[in-house]
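Overview (structure and organization)
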Amino acid sequence: MDTPMTDFHRIKRLPPYVFEQVNRIKAAARAQGADIIDLGMGNPDLDAPKHVIAKLCETAGRPRTDRYSASKGIAGLRKAQAGYYQRRFGVTLNPDTQVVATLGSKEGFANMAQAITAPGDVVLVPNPSYPIHAFGFLMAGGVIRSVPAEPTPAMFPALERAMRHSIPKPVALVVCYPSNPTAYVASLDFYRDLVAFAKQHELILLSDLAYAEVYFDDNPPPSVLQVPGAIDCTVEFTSLSKTYSMAGWRMGFAVGNERLLAALTRVKSYLDYGAFTPIQVAATAALNGPDDCIHEMRSIYRKRRDALVESFGKAGWTIPSPASSMFAWVPIPERYREMGSLEFSKLLLEKSDVAVAPGIGFGEFGDEYVRIALVENEQRIRQAARNIRRFFDGTDKTLHNVVPMVRAG
């Protein structure tokens, strides 16, 4: 039997993976010896904390640690996550019923979508947004309605319109602050209005807080669960990927409403046996341990952000300075904007050996932007700026011979 992949129902619902086109060019260039400065994928290049690695090594090979683990997370890990929420946000959680360990926040989000979505359910998702926020629901049989991404009062009239004109009535609203890709940060006042809106319209509120600890001023991003009564309708997702540079360890959490988390736990119980026990023990050590590594992580990303803004600015590309997250959300320079973000990203890679993420990969309203990740050191970021400046300086003579100035379809 030779059935095309696109004949499968769920695969048909997923658009082509935009980033794969850039990845193919990147791989081909590297195969030919090019030194690609990769600012595309948000893949932390920092090392996990030494005490966390030590705990992993200490635990691995102990009796019983190679067995199946607990799908919702070992008790000590869930207690550690509850302790983190108490210290950081002043939010009290019951580790037995209001905390679930996940295989990264992405898996938790996708399985929550499976747990709560009936075929045809409408879900409100910011546009632009991290892909799993929409595609998790699409894979679960849901329908996506786009809403604005910026956390300002102007969002609420758009949400009201979406509620009025969606049939059937939406069942859930997704938010992500600090945002991937836009780096927007929400205030606690915004969250108060958001919770009131969700309760008024009987919406489930799903908050992605993966970048809670990656901020560059003295104003730590809040949790929506700090709003009194938010836990009545909210589940929030966090991750150790960015906070502790443990992306490949796949360790995250869902916390909040007991009924929703019970549904997530039920789904997960059929799909996995939890993370490898030594990883869960090491994650517990991360949450319970010293926070020097978090301060160091912030300092490194802040210096990289400053180097990016300064050096790219000198190269002729103005970079809005993000207050949080490990990304800059950057308008495409005016002379290239009509190309669209995919063609511009491909051109930038081909002509300057610098990879960025095309904004169209985060939704159609991102197509005039690219996302730049702070995943190379300051020296490499400055080298990227020099490469881009050479490309910009030669554009007037070469661009018409390189790529047609049309928007990617």
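Cut-offs applied
- Residues numbered from 1 in each chain as written.
- Predicted model: local features only at pLDDT ≥ 70, side-chain atom pairs only at ≥ 80, totals over all residues.
- Heavy atoms only, no water.
- Helix = DSSP H or I, 4+ residues; strand = E, 2+ residues; numbered from the N terminus.
- Rg over C-alpha atoms; globule rule 2.2 N^0.38 Å.
- Buried < 20%, exposed > 50% of the residue type's maximum accessible area, 1.4 Å probe, protein only.
- UniProt positions renumbered as here; feature names shortened; annotations may be inferred.
- Pairing = 2+ DSSP bridges.
- Core = buried A, V, L, I, M, F, W, Y, C linked by side-chain atoms within 4.5 Å.
- Domains from an automatic or database assignment.
- Contact = heavy atoms within 4.5 Å.
- Axes fitted to C-alpha atoms, helices over the stretch in contact; angles between N-to-C directions.
- Buried area = accessible area lost by both parts, 1.4 Å probe.
- Salt bridge = Lys/Arg side-chain N within 4 Å of Asp/Glu carboxyl O.
- Polar contact = N/O pair within 3.5 Å; in protein donor to acceptor, adjacent residues only side chain to side chain.
- Nonpolar A, V, L, I, M, F, W, Y, C, P; charged D, E, K, R; others polar.

Next up on the list: the overall build of the protein chain. The helix and strand tally for the protein chain stands at 13 helices and 12 strands. For 409 residues, the compact-globule formula gives about 22 Å, and the C-alpha radius of gyration of the protein chain, at 22 Å, lands near that figure. Each principal axis of the C-alpha distribution contributes one length, and for the protein chain these read about 65 × 55 × 55 Å. Going through the 409 residues of the protein chain one by one, you find that 55% of them count as buried.

Here we take up the UniProt feature "domain: Aminotransferase class I/classII large" (unreviewed entry) in the protein chain. Those residues carrying the UniProt feature "domain: Aminotransferase class I/classII large" (unreviewed entry) are residues 35-387 in this numbering. End C-alpha to end C-alpha, residues 35-387 measures 11 Å, and it is 40% helix and 14% strand.

Turning next to the sheet that holds strand β11 (residues 357-358). An order of β9-β12-β11 is seen for the three strands of this open sheet, with the pairing classed as antiparallel. Looking at strand neighbours, the two that pair on one side only are β9 (327-331) and β11, the edges of this open sheet. The pairing of β9 with strand β12 (residues 369-373) spans five bridges and is classified as antiparallel. Across the sheet, Pro 331 pairs through a bridge with Tyr 369, a residue of β12.

Of the consecutive residues Asn 127 and Pro 128, the connecting peptide bond is found in the cis state with omega at 5°. Relative to the helices and strands, Pro 128 is located in the loop between β3 (122-126) and α6 (131-139). The omega torsion across Tyr 177 and Pro 178 is -5°, close enough to zero to call that bond cis. As for its placement among the helices and strands, Pro 178 is situated in the loop between β5 (172-176) and α8 (188-200). A positive phi angle, close to 55°, is found at Ser 245, a residue other than glycine. Residue placement: Ser 245 occurs in the loop between β7 (234-239) and β8 (252-256). The class of Ser 245 is buried, set by a relative accessible area of 11%.

Below, the discussion takes up the nonpolar core. Grouped together as the largest cluster of nonpolar side chains are 91 residues, with contacts concentrated most on Tyr 85, Leu 159, Leu 173, Leu 194, Phe 312, Trp 317 and Ile 372. In terms of residue count, the dominant contributor to this core is helix α11 (residues 292-314) (seven residues). Lining this core are residues from two domains, each supplying at least three of them: domain 1 (7-45 + 291-394) and domain 2 (49-289). Ignoring any residue separated from it by four or fewer positions in sequence, one finds Leu 159 in contact with Leu 124, Val 147, Leu 173, Leu 194 and Phe 197. Residues Val 123, Val 125, Val 235 and Phe 237 belong to the second largest nonpolar core, which totals 20 residues.

A few words on the sheet that holds strand β6 (residues 204-208). One open sheet accounts for seven strands, arranged β2-β8-β7-β6-β5-β3-β4; its pairing is mixed. For this open sheet the edge positions go to β2 (99-102) and β4 (143-147), each flanked by a neighbour on one side alone. Direction aside, neighbouring strands of the sheet carry axes that sit 20° apart on average. As judged from the five bridges shared by β5 and β6, these two strands associate in the parallel manner. Paired with Leu 173 across the bridge in β6 is Leu 205.

A separate point is the domain arrangement of the protein chain. Much of the literature gives interface size as the accessible area that the parts lose upon coming together. Under the domain assignment, the protein chain is made up of domain 1 (7-45 + 291-394) and domain 2 (49-289). Summarising the inter-unit geometry, the C-alpha centres of domain 1 and domain 2 are found 26 Å apart. At the junction of the two partners, domain 1 supplies 31 residues and domain 2 supplies 35 residues. Regarding the contact of domain 1 and domain 2, the summed buried area is about 2,700 Å², with carbon and sulfur atoms giving 63% of it. Here domain 1 is connected to domain 2 by one salt bridge. Our enumeration of links across domain 1 and domain 2 arrives at 11 residue pairs in polar contact (both at pLDDT 80 or more). Considering each element in turn, the side of domain 1 that touches domain 2 owes the most residues, seven residues, to α11. Across the side of domain 1 that touches domain 2, the residue classes tally to 16 nonpolar, seven polar and eight charged.

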